[in-house]
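Analysis of the macromolecular model
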Amino acid sequence: MKKLLFGVLIMILAVFAVLSGTGNDSEASLQEGIADKIIRFHVLANSDSEEDQQLKLKVKEHVVASIEPMIAGADSVEEVRSILSQHLEDIEAAAVEVMEQEGVVYPVQASLTNCYFPVKTYGEFTFPDGEYEALQVVIGEGQGKNWWCVMYPRLCFVDSLYSVVPEKSKKELKQELTDEEYEAILDGKRKVKIKSRLLELLGF
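Below, the structure is looked at part by part.

1. Looking at the overall build of the protein
The helix and strand tally for the protein stands at seven helices and six strands. Secondary structure elements in the protein, listed N-terminal to C-terminal, are α-α-β-α-α-α-β-β-β-β-β-α-α. Residue burial in the protein is summarised as follows: out of 204 residues, 41% are buried. A fraction of 72% describes how many contacts in the protein between residues 6 or more apart in sequence connect residues 24 or more apart. Total accessible area on the protein stands at roughly 11400 Å², and carbon and sulfur atoms take up 55% of it.

2. Digging into the packing of helix α3 (residues 50-71) against helix α4 (residues 77-86)
The contact between α3 and α4 brings their axes to 10 Å, and the two run at 125 degrees. The pairing of α3 with α4 is recorded here as oblique in orientation. At the point where α3 passes α4, the crossing takes the right-handed sense. Side by side, α3 and α4 meet where I67, M70 and I71 of the first sit next to V80, I83 and L84 of the second. Residue composition of the contact of α3 with α4, by class: six nonpolar, no polar and no charged.

3. Let's talk about the pairing of strand β5 (residues 130-139)
Successive side chains on a regular strand alternate, one facing one side of the sheet and the next facing the other. For β5, the buried fraction is high: nine of the ten residues fall into the buried class. Here five bridges tie strand β1 (residues 39-44) to β5, and the two strands are oriented parallel to one another. Paired with R40 across the strands is A134, a residue of β5. Strand direction decides the pairing type here: strand β2 (residues 108-117) and β5, joined by ten bridges, are antiparallel. Looking across to β5, one finds that A110 is bridged to V137.

4. A few points about the sheet that holds β1
Pairing is mixed in the open sheet, where four strands are placed in the order β2-β5-β1-β6. Strands at the two margins of the open sheet, each flanked by one partner only, are β2 and β6 (146-152). The sheet shows a mean angle of 30 degrees between the axes of neighbouring strands, direction not considered. Across the sheet, α3 touches β1, β5 and β6, and the angle it forms with β6 is around 10 degrees.

5. Details of the nonpolar core
Among the nonpolar cores identified, the biggest contains 48 residues, and F41, L84, I91, F127 and M151 are the most heavily contacted of them. Not counting chain neighbours up to four residues away, the residues in contact with F127 comprise I34, I38, R40, P118, V119, K120, Y122, Y132, V150, L155, L173 and I185.

6. Observations regarding the packing of aromatic side chains
Scanning all chains against the criterion turns up five aromatic pairs. Between F117 and Y132 the ring centres are 5.9 Å apart and the planes differ by 85 degrees, which places this aromatic pair in the edge-to-face class. Note that F117 is positioned in strand β2 and Y132 in strand β5, a separation of 15 residues in sequence. Judged by its relative accessible area of 1%, F117 is buried. The interplanar angle of 90 degrees and the centroid separation of 6.4 Å between the aromatic rings of F117 and W148 together place this pair among those described as edge-to-face.

7. Quick notes on the pattern of salt bridges
The tally for this structure, following the rule as stated, stands at eight salt bridges. For K145, the salt bridge identified is with D48, shortest N-O distance 3.7 Å. Separated by 97 residues along the polypeptide, K145 in the loop between β5 and β6 and D48 in the loop between β1 and α3 bring together distant segments of the chain. Under the relative-accessibility criterion, D48 is labelled partly exposed at 44%. Note that E124 and K170 form a salt bridge whose closest N and O atoms lie 2.7 Å from each other. On the criterion of sequence distance, the pair formed by E124 in the loop between β3 (120-122) and β4 (125-127) and K170 in helix α6 (residues 167-176) is long-range, its members being 46 residues apart. Residue class for E124 comes out partly exposed when judged on its relative accessible area of 28%. Given a relative accessible area of 16%, K170 falls into the buried group. It is possible to trace a salt-bridge network through shared partners that takes in E124, E167 and K170.

Rules used in this analysis
- Residues numbered from 1 in each chain as written.
- Predicted model: local features only at pLDDT ≥ 70, side-chain atom pairs only at ≥ 80, totals over all residues.
- Heavy atoms only, no water.
- Helix = DSSP H or I, 4+ residues; strand = E, 2+ residues; numbered from the N terminus.
- Buried < 20%, exposed > 50% of the residue type's maximum accessible area, 1.4 Å probe, protein only.
- Contact = heavy atoms within 4.5 Å.
- Areas by Shrake-Rupley, 256 points an atom, 1.4 Å probe, with all protein chains shown as cover.
- Axes fitted to C-alpha atoms, helices over the stretch in contact; angles between N-to-C directions.
- Parallel < 35°, antiparallel > 145°, perpendicular 65-115°, else oblique.
- Left-handed = near helix turned anticlockwise from the far one by under 90°.
- Nonpolar A, V, L, I, M, F, W, Y, C, P; charged D, E, K, R; others polar.
- Pairing = 2+ DSSP bridges.
- Core = buried A, V, L, I, M, F, W, Y, C linked by side-chain atoms within 4.5 Å.
- Phe/Tyr/Trp six-rings, centres within 6.5 Å; stacked < 30°, edge-to-face > 60°.
- Salt bridge = Lys/Arg side-chain N within 4 Å of Asp/Glu carboxyl O.

Here's what the structure looks like:
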């Protein structure tokens, strides 16, 4: 009976893999479309030491709080990009302010760049992995675990555990994305759960 069940699970996983494979081009196209309309936020810690990781979190909290009023009135990704590009030195200064309070001296660099992000879930939204434009803040050597969120539309400013996305943020997201893209990130979490559950049942 166990062998039969295992065989059925293998077949289900195989079908899932085939279906996923046939949709790769479509998913890549969707990811690129989503990436064109959002700006993410990426903070890299100096190292993985407990002190540097705690510093990273304090820096991101202060930087996010500093950026929020800057982009409060912005209603397009182009406008947010322009505002951020004009305030990179201010963003660096905000990070340095935290380090000074903590008695730490590290160089810090803020830039708008393209970088890879893994699959990430915010509330009921799951963003696919891929290349995204991001406001990146590198602390010191930038060799530690990183932290990320979606800067625009404003998902950085929601519940810290991302368990609830406010209606205002959902509306902003829906306005920026096409119906297909919006539905894709809503459905993304379900797909990830199904795949994870199948792997768990198979003992992976």
